[in-house]
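Coordinate analysis (summary)
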Amino acid sequence: MQFSEFSEICDRIESTRGRLDSIDIVSGVLKTLTDEELPVFVRFLMGRIFPDWSPEKIGIGPNLVYDAVAYVVGDSRNTVIRKINAGGDAGRAIEGLLLKKEQTSFFSETLDLLEVYNDFIYISGVGGGSSQKEKLKVLKKIFANAKPIEARYITRLILGELRIGIGEGNIRDAVAKAFDVPAAAVEHAFQASNDLGEVAVLAKSGVGDLETVRVELFRPVKMMLARQGTIAAMLEEEGVLAAEYKYDGTRFQFHKKGSECRIYSRKLEEVTKAIPDVANMLLEATTHDAILDGEVIAIDEDTGRPLPFQYVLRRFRRKHDVEGHMQKIRLVPNIFDIICIDGRTLIDEPFSERRKILTESVSKFVAPQIVSDDIGTIEAFYRSALADGHEGIMIKSRSAHYTPGVRGKEWVKIKPAVDTMDLAVIGAEWGEGKRAKHFGSFLLACRDELGELIPVSKVATGISDDMLDILYDMLKDIVISESKNTVTFEPDTVFEVGYAEIQKSPTYEAGYALRFPRFIRLRDDKSVEEIETLQSIEARFAEQTKRLQG
Ligand code: AMP
């Protein structure tokens, strides 16, 4: 497949409104691809270069892209940046710049999908002192051969913002349709392998191959997620519930094979080196090869009580002086699930069975659990969780499978009522006065069903000077464009914000706005795919209206 064909397909999807039409376009194309092209095409369409479980990163920031484009079109870097700032969409701006070049250039090679992919792999592997130079060289070659429309999608792929409006679910359905296999079988294989590209190849050879997919060690699976709800409603639904403390720390997934182990964060990044103490504790807790799911919290040495989540964050983000911080901040894991044991995949077992296996095979750090059909008992457990300094409780269906990446009704979080939501940080305004060198107010977005980011609020209150420093350090390298006193970011960062009320408002594209938005914390453990959806904001708004009327 030529990269130009891929680009045209993206362009068609981008201008297609109907979900079924997009699925038709994609399923038609999937059938025509070779086994080599298929996984790459699927991942590219999802806006990914590598599978989600893979530690590989392309490692190219916007600035390197601007340098390469400036060189190819023969303009200054500032001209490129000015163009991007004027429109805000780096892909389209670079397409426009290349259109100008196309009229004057006489020779360019055609780009092949796999060739672009191989260049990306090469770039991701380049290391050492002159790596930036080498990456730039390859980027220049790619852009020199790219047609304008190809440059639009190459830019977006590299910057991790393809945003053609086709969600993961639609691509999954297109794979099912193309190869005439059940969508549920594709979904299940995707949950276990965490790579829809690879799953597409298996789907091609039939449902039998899809069913062979197993969870594998050192290939992290997405984490199962929770919803908000009430004890009463869940009890009515389930009859009997499991309840555990809700620990306010950072999620982890621990993989162990013999004496080798790795720990992954909620975003599936490997963090073993930052928390060797936790790795050792977990290694000693079981003799089995296993994948364990849990939450790490920080503990006050003197009182034994949990410390605020920010302490854990400091340890997880640490690259230097790991030893020193190990002494200062004591971490403890709490294990609440098991995904795989001695080669056996457990995601299709009911939670009650997984819990049994967990307690039989892990000797320490297993989160205490109660099982009850009595609302009074569960409420008392909730009060004891708060009294012990925890965030609340998690109530769980005992019959539920482990559903990676799914925010289902099988896990419900119960915590004191502060209305908060997780939103993506997509832009900022520079601060004023002594904060002039920092971002001051942040533009936040939710996402719609297709994954498009939709602005819904700004937040400037509740951010300490310390946190402003951290945020500036994190965000300065992912600025995509800048105009007057505002910047836009690659959407990579998630804030939890509190609010007094949701209001209907024309100010933001979402049609809603938050009243008195207040920064609660940086959700370093969450990815942009997991933020609040427009649908759930609508549901919250409806609930709020009911509450106010009632
Ligand atoms: P939230 O991040 O507010 O959506 O709440 C869900 C998160 O709570 C999970 O992703 C875990 O990181 C965390 N958590 C803490 N304790 C538990 C528990 N016992 N079971 C499941 N998740 C827990």
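In this report, we go over the structure that sits alongside the text. (Residues numbered from 1 in each chain as written. Predicted model: local features only at pLDDT ≥ 70, side-chain atom pairs only at ≥ 80, totals over all residues. Heavy atoms only, no water.)

Describing the overall build of the chain
Counting secondary structure elements, the chain contains 21 helices and 18 strands. What you see for the chain is a C-alpha radius of gyration of 24 Å, in line with the 24 Å of a compact globule of 550 residues. Its C-alpha atoms give the chain principal-axis dimensions of about 75 × 65 × 55 Å. For the chain, with 550 residues in total, the buried portion stands at 54%. Contacts spanning at least 24 positions in sequence make up 71% of the contacts within the chain whose residues lie at least 6 apart. Accessible area of the chain: about 24,500 Å², with a carbon and sulfur share of 49%. The distance from the centre of the 73 positive side-chain charges to the centre of the 87 negative ones in the chain is 3 Å. (Helix = DSSP H or I, 4+ residues; strand = E, 2+ residues; numbered from the N terminus. Rg over C-alpha atoms; globule rule 2.2 N^0.38 Å. Buried < 20%, exposed > 50% of the residue type's maximum accessible area, 1.4 Å probe, protein only. Contact = heavy atoms within 4.5 Å. Areas by Shrake-Rupley, 256 points an atom, 1.4 Å probe, with all protein chains shown as cover. Lys, Arg positive; Asp, Glu negative; His and termini not counted. Charge placed at Lys NZ, Arg CZ, Asp CG, Glu CD.)

Let's talk about the pairing of strand 10 (residues 407-414)
In the case of a regular strand, side chains alternate between the two sheet surfaces. Pairing of strand 1 (residues 225-228) with strand 10, which is carried by three bridges, proceeds in the parallel orientation. The partner of Gln-228 across the bridge, within strand 10, is Lys-413. As paired strands, strand 9 (residues 392-396) and strand 10 are joined by four bridges and run antiparallel to one another. Bridge pairing in strand 10 links Ile-395 to Val-412. (Pairing = 2+ DSSP bridges.)

Thoughts on the pairing of strand 5 (residues 290-299)
Buried residues dominate strand 5, accounting for ten of its ten residues. In the sheet, strand 3 (residues 250-257) pairs with strand 5 via seven bridges, with the strands oriented antiparallel. Residue pairing in the sheet places Gln-253 in a bridge with Asp-293 of strand 5. In this sheet, strand 6 (residues 330-341) lies alongside strand 5 in antiparallel orientation, the contact comprising ten bridges. Within the sheet, the bridge partner assigned to Glu-295 lies in strand 6 and is Asn-334.

A closer look at the sheet that holds strand 10
Read from one edge of the open sheet, five strands run 1-10-9-2-8, paired in mixed fashion. Each having just a single partner strand, strand 1 and strand 8 (369-372) make up the two edges of the open sheet. Across this sheet, the average inter-strand angle for adjacent strands is 40°, counted without regard to direction. Alignment of strand 2 (residues 241-246) against strand 9, held across five bridges, turns out to be antiparallel. The residue bridging Ala-242 from the neighbouring strand is Lys-396, located in strand 9. (Axes fitted to C-alpha atoms, helices over the stretch in contact; angles between N-to-C directions.)

Some details on the packing of helix 10 (residues 168-179) against helix 12 (residues 196-204)
Two elements in contact, helix 10 and helix 12, have axes whose closest approach is 9 Å; the angle formed by their N-to-C orientations is 15°. Here helix 10 is positioned roughly parallel relative to helix 12, judged by the angle of their axes. With respect to the hand of their crossing, helix 10 and helix 12 are arranged in right-handed fashion. Contact with helix 10, carried on its side by Glu-168, Ile-171, Arg-172, Val-175 and Phe-179, involves Leu-196, Ala-200, Ala-203 and Lys-204 of helix 12 and no other residues of that element. Of the residues assigned to the contact of helix 10 with helix 12, the class counts are six nonpolar, no polar and three charged. (Parallel < 35°, antiparallel > 145°, perpendicular 65-115°, else oblique. Left-handed = near helix turned anticlockwise from the far one by under 90°. Nonpolar A, V, L, I, M, F, W, Y, C, P; charged D, E, K, R; others polar.)

Observations regarding the packing of helix 1 (residues 3-14) against helix 9 (residues 148-159)
Any two packed helices are characterised by the angle at which their axes cross and by the distance between the axes. Put simply, helix 1 and helix 9 touch, their axes get as near as 9 Å, and they point 80° apart. Regarding the angle of helix 1 to helix 9, the classification is roughly perpendicular. Counted together, Phe-3, Ser-4, Phe-6, Ser-7, Glu-8, Cys-10, Asp-11 and Glu-14 of helix 1 and Ile-149, Glu-150, Arg-152, Tyr-153, Ile-154, Arg-156 and Leu-157 of helix 9 form the full contact between these two elements. Taken together, the residues of the contact of helix 1 with helix 9 sort by class into seven nonpolar, two polar and six charged.

Here's the deal with the nonpolar core
In terms of nonpolar packing, the biggest core is built from 113 residues, with Leu-30 and Phe-41 touching the most fellow members. Sort the elements by how many residues they give to this core and helix 4 (residues 62-73) lands first, with eight residues. Excluding residues within four positions of it along the chain, Phe-41 makes contact with Met-1, Phe-6, Ile-9, Val-26, Val-29, Leu-30, Leu-33 and Leu-113. Ranked by size, the runner-up nonpolar core spans 34 residues in total, among them Phe-442, Val-479, Phe-495 and Tyr-499. (Core = buried A, V, L, I, M, F, W, Y, C linked by side-chain atoms within 4.5 Å.)

A short note on the side chain of Glu-161
Secondary-structure assignment places Glu-161 in the loop between helix 9 and helix 10. For Glu-161, a relative accessible area of 11% puts it in the buried group. In this structure, Glu-161 is in contact with Arg-156 and Ile-480, ignoring residues within four places of it in sequence.

Considerations on helix 9
In this model, helix 9 (twelve residues) spans 17 Å end to end at C-alpha, consistent with the 16 Å of a helix rising 1.5 Å per residue. Buried residues of helix 9: Pro-148, Ile-149, Glu-150, Ala-151, Arg-152, Tyr-153, Ile-154, Thr-155, Arg-156, Leu-157, Ile-158 and Leu-159, and no others. Following helix 9 by one or two positions, Gly-160 has its phi on the positive side, about 70°. (Expected span 1.5 Å × (residues − 1).)

Some details on the site of the ligand
Not every one of the 16 residues close to the ligand is listed here, only the nearest: Glu-244, Arg-251, Glu-295, Lys-396 and Lys-413. The contact in question runs from an oxygen atom of the ligand to an N or O atom on the side chain of Glu-295, over 2.4 Å. For the ligand, whose free accessible area comes to 490 Å², the fraction covered by protein is 98%. Only strand 2, strand 9 and strand 10 provide two or more residues apiece to the shell around the ligand. Split into classes, the residues belonging to the shell around the ligand amount to five nonpolar, no polar and eleven charged. (Near = heavy atom within 4 Å. Polar contact = N/O pair within 3.5 Å; in protein donor to acceptor, adjacent residues only side chain to side chain.)

Notes on the state of the cysteines
One pass over the structure, following the stated rule, counts zero disulfides. The cysteine Cys-261 is free of any disulfide, with Cys-340 supplying the nearest cysteine sulfur at 15 Å. Its relative accessible area of 15% is what places Cys-261 among the buried residues. (Disulfide = S-S within 2.5 Å.)

Topic: the pattern of salt bridges
The final tally for this structure, using the stated rule, is 45 salt bridges. Arg-156 is paired through a salt bridge with Asp-89; the nearest N and O atoms lie 2.9 Å apart. On the criterion of sequence distance, the pair formed by Arg-156 in helix 9 and Asp-89 in the loop between helix 5 (77-87) and helix 6 (90-102) is long-range, its members being 67 residues apart. A residue is classified by how much of its surface remains accessible, and Arg-156, at 5% relative accessible area, is buried. (Salt bridge = Lys/Arg side-chain N within 4 Å of Asp/Glu carboxyl O.)

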